Amino acid sequence: LLHHITSFLKAWEVVPTCVLARRWRHLWASAPCIDLRVRHSSFRDANPPEEFCDFVDSLFLHRDASASVDTLRLRSSDDYVGFDEKDTNAWIRTAISRKARVIHLVGHRKGIASLDRVPFVSCHLKILKLSYARLDDRILGQLSSSCKSLEEMDLKDCLVTGPGIVSTSLKTLIMLKCTFNWDFSITAPNLVLLRLITPSVRVPSFTNFGSLVTGTIILDDSLLCDDFGYISDEDNFDETTDDDNHNDDKRENYKIHDDCSLSDDDFGYISDDNFGYISDDNPGYIGDDGDFDKFGFGYGFPEGRYGHSHYKDNYDYGSDIDSDDNTYEYSEIANDAKYGYKGAKLSSQDGKYGGNSGRNYSKILGGHNMLESLSTATSLELLTDAGEVVLTRELKRCPTFSNLKTLSLGEWCMAADFDALILLLQHSPNIKRLFLQLKLNFGMRKALETGIKLERRSFTCKDLRMVKIKCSKDDGRVHTLAHMFSANGIPLQCIYVRRSGNAHLRGQKFMRELGKQELDECGDDWM
């Protein structure tokens, strides 16, 4: 218990506990967790030692030789306390020699950390978490051949320059905003959880994922090309974001809460054991999902960023600009007088829907056999925007997802009369829950036209009992979707909708606020 308590302290806070009582005198010397991360401008941690390198060297030297280092957390370098990558490499080597089970290295946006002096050769290493680090052919080869107990690998904003990794022990793999300069393949027959979030330059290829249960794929085609250099996102990734993650053993901490992620939690999902909101006692309400309004709807506008103008907006946008507070059964909005239940479709000529903004994506590399490798999963999130290339290409050889129970899809599968959506449903015979996130673009105005063609477009999902759609209030496609599901045997009572504010009105308001902000910044000079 005392060792568990000390795991929440920095190393220089653990050592002084030796003066608390006799039973504490030597406790620090066998503490399983060594946390060397300095949190700058923080009142929560004690100040680190002035001679930081000497302290860490002495700490390892005087530790109980029989006590293994279970967890090591550190930064790649820190000019403030005076250590560099050479010191970091030495400390990681020491931890690995002391049978470290968890290595967590936090790098810096200003430069990619090099691990050239670290031999990843260990039969004890189980969890490896790296951010802003380089993984070359040597490191990947050692992780493949010499880390036979490695079960979890979490890479964030890393630069991967090797050809791939092969691991029979790996069970969890998270790759968040990593750059792949070469064709990269992953072979992991026992992988259970995969999260691939916005890779750059190339999309990794997967082979032998026969044990996969959960997969999340989020792609951005604008990042996928040969001439795309390594760019770290300073707005989204602060170099102290990993400081508070102490629970390395819990996979829940790896869940990606991305703006375009659409998971059960986002809809206030209740498990099968407590599926009360479909009962007769509570027919239409799914719960108060306050976090819905924090999700993006195709703009990427930072909320509140342009809200400091002293010009008053006198336009009356009405209530349509606000998001709904609750999630409703579709039948509650089906007869909406503004849109009607007309089985509408979105014109492919209106706003260039489903296009790629004129960019040539013919050279997008990687991602081959992606859907085939994900075919054993029971839960899939395929969340990309309209015009996405890799997933659309892979649909040409779409496998059957026999085990799939939960499917979350983004805007990419809503174009061309929902061809991609229907194809995936035709190949998912046992699906139970479907989540759809629609994003209405600026250029879209005429959302209501004719109904979609249902000939040869039917699907059979006898177990599908929940369809949840997230869209803006002026997105008439929700009625098209409801009509399509109803025509294929899904009762309207099983279709739920959560609506954000009117996309057109929100766009108008944003542009006005942006103009006012520019007037504020220019002052009288604009005249």
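Residues numbered from 1 in each chain as written. Predicted model: local features only at pLDDT ≥ 70, side-chain atom pairs only at ≥ 80, totals over all residues. Heavy atoms only, no water.

Attention now goes to the overall build of the protein. Scanning the protein for helices and strands turns up 10 helices and 22 strands. Relative to its 527 residues, the protein shows a buried fraction of 52%. For the protein, the proportion of contacts with a sequence separation of at least 24, taken over those separated by at least 6, is 71%. Within the structure as shown, the protein displays about 24,400 Å² of accessible surface, and the carbon and sulfur contribution to it stands at 48%. (Helix = DSSP H or I, 4+ residues; strand = E, 2+ residues; numbered from the N terminus. Buried < 20%, exposed > 50% of the residue type's maximum accessible area, 1.4 Å probe, protein only. Contact = heavy atoms within 4.5 Å. Areas by Shrake-Rupley, 256 points an atom, 1.4 Å probe, with all protein chains shown as cover.)

Turning our eyes to something else, we now look at the sheet that holds strand E5 (residues 134–135). Reading across the sheet, the 3 strands line up as E5-E7-E10 and stay open at both edges, with parallel pairing between neighbours. Each having just a single partner strand, E5 and strand E10 (179–180) make up the two edges of the open sheet. In the sheet, strand E7 (residues 159–160) pairs with E10 via 2 bridges, with the strands oriented parallel. Residue Leu159 lies in a different strand from E10, and its bridge partner there is Thr179. (Pairing = 2+ DSSP bridges.)

Right, let's talk about unusual backbone geometry for a bit. Across the chain, the bulk of peptide bonds are trans and the bulk of non-glycine residues have phi less than zero. One non-glycine residue with positive phi stands out, namely Thr198, at about 40°. Note on placement: Thr198 falls in the loop between strand E12 (193–197) and strand E13 (202–203).

Moving on to helix H9 (residues 477–487). The buried count for H9 comes to 8 of 11 residues, which makes it a mostly enclosed element. Burial in H9 covers these residues: Arg477, Val478, His479, Thr480, Leu481, Ala482, Met484 and Phe485.

With that settled, the discussion passes to the pairing of strand E4 (residues 127–131). Most of E4 is tucked away: 5 of the 5 residues are buried. The two faces of E4 match: Ile127, Lys129 and Ser131 on one face and Leu128 and Leu130 on the other face are all buried. Where strand E3 (residues 102–106) lies against E4, 5 bridges are found, and the strand directions are parallel. Directly across from Leu105, in E4, lies its bridge partner Leu130. When E4 meets strand E6 (residues 152–156), the two strands line up parallel, connected through 5 bridges. Within the sheet, the bridge partner assigned to Ile127 lies in E6 and is Glu152.

Here we come to the nonpolar core. Ranked by internal contacts, the top residues of the largest apolar core, which has 109 residues, are Phe120, Leu143, Leu194, Leu409, Leu421, Leu434 and Phe485. Each of two domains, domain 1 (1–47) and domain 2 (213–224 + 320–337 + 364–441 + 456–500), supplies a minimum of three residues to this core. When residues no more than four places from it in sequence are discounted, the contact partners of Phe485 are Leu425, Leu434, Leu436, Phe459, Val467, Ile490 and Ile495. (Core = buried A, V, L, I, M, F, W, Y, C linked by side-chain atoms within 4.5 Å. Domains from an automatic or database assignment.)

Two strands pair when backbone bridges link them, and strand E15 (residues 214–218) and strand E18 (residues 379–382) are joined in this way by 4 bridges, in the parallel orientation. Residue pairing across strands places Thr214 opposite Ser379, the latter belonging to E18. In this structure, E18 lies alongside strand E19 (residues 406–409), joined through 4 bridges in parallel fashion. Across the sheet, the residue bridging to Ser379 is Thr406, located in E19.

A few words on the packing of aromatic side chains. Counted according to the given criterion, the structure contains 7 aromatic pairs. Judged by centre distance (5.6 Å) and plane angle (70°), the ring pair of Trp12 and Phe52 falls under edge-to-face. Within this pair, whereas Trp12 is found in helix H2 (residues 11–14), its partner Phe52 is found in helix H3 (residues 52–62), the two being separated by 40 residues in sequence. By relative accessible area, which is 1% here, Phe52 ends up buried. Through successive ring pairs, a cluster of aromatic residues spans Trp12, Phe52, Phe83 and Trp91. (Phe/Tyr/Trp six-rings, centres within 6.5 Å; stacked < 30°, edge-to-face > 60°.)

Reading fine detail from the predicted coordinates is not recommended where pLDDT is low. This prediction gives the protein a mean pLDDT of 75; 66% of its residues lie at or above 70. Considering only residues more than four positions removed or in separate chains, one finds that residues 243–313, a stretch of pLDDT under 50, has 166 contacts. Note on residues 442–451: pLDDT is under 50 here. Beyond four places in sequence and across chains, it has 32 contacts. (pLDDT = per-residue confidence, 0-100.)

Inspection of the secondary structure puts Ser77 in the loop between strand E2 (71–75) and helix H4 (85–97). Considering only alpha carbons, one finds Ser77 and Leu105, 28 residues apart in sequence, at a separation of 9.9 Å. What Ser77 contacts, discounting residues up to four positions off in sequence, is Phe83, Asp84, Glu85, Thr88 and His108.

Another point: the pattern of salt bridges. Tallied over the full model, the rule gives 11 salt bridges. Note that Lys439 and Asp385 form a salt bridge whose closest N and O atoms lie 3.2 Å from each other. Linking Lys439 in the loop between strand E20 (433–437) and strand E21 (466–472) with Asp385 in the loop between E18 and helix H7 (390–394), this pair joins segments that are 54 residues apart in sequence. You can call Lys439 buried: its relative accessible area is 11%. (Salt bridge = Lys/Arg side-chain N within 4 Å of Asp/Glu carboxyl O.)

A cluster of like negative charges, contributed by Glu50, Glu51, Asp54 and Asp57, occupies part of the molecular surface. Among the secondary structure elements, Glu50 is positioned in the loop between strand E1 (33–35) and H3. Judged by its relative accessible area of 78%, Glu50 falls in the exposed class. (Patch = residues over 30% accessible without salt bridge, like charges linked within 9 Å, V, L, I, M, F, W, Y side chains within 5 Å. Lys, Arg positive; Asp, Glu negative; His and termini not counted. Charge placed at Lys NZ, Arg CZ, Asp CG, Glu CD.)

Within H3 the residues assigned to the buried category are Phe52, Cys53, Phe55, Val56, Leu59 and Phe60. Buried positions in H3, seen along its axis, are confined to an arc of 165° and lie on one side of it. In H3, the exposed residues that point more than 90 degrees away from the buried face are Leu61 and His62. Structurally, H3 contributes buried residues whose contacts are with H2, E1, E2 and H4. (Arc of directions from axis to C-beta.)

Their axes nearest at 11 Å, the elements H3 and H4 cross at an angle of 10°. In terms of orientation, H3 lies roughly parallel with respect to H4. Contact with H3, carried on its side by Phe52, Cys53, Val56, Asp57 and Phe60, involves Asp87, Trp91 and Thr94 of H4 and no other residues of that element. Its residues placed into classes, the contact of H3 with H4 shows 5 nonpolar, 1 polar and 2 charged. (Axes fitted to C-alpha atoms, helices over the stretch in contact; angles between N-to-C directions. Parallel < 35°, antiparallel > 145°, perpendicular 65-115°, else oblique. Nonpolar A, V, L, I, M, F, W, Y, C, P; charged D, E, K, R; others polar.)

Let us look at the sheet that holds strand E8 (residues 164–166). Pairing is parallel across the open sheet formed by 3 strands, whose spatial order is E8-E11-E14. Sheet topology places E8 and strand E14 (205–207) at the edges, where each strand pairs with a single neighbour. Across the sheet, the axes of successive neighbouring strands diverge by a mean angle of 15°, strand direction being ignored. Pairing of E8 with strand E11 (residues 185–187) involves 3 bridges; the strand directions are parallel. Residue Gly164 lies in a different strand from E11, and its bridge partner there is Ser185.

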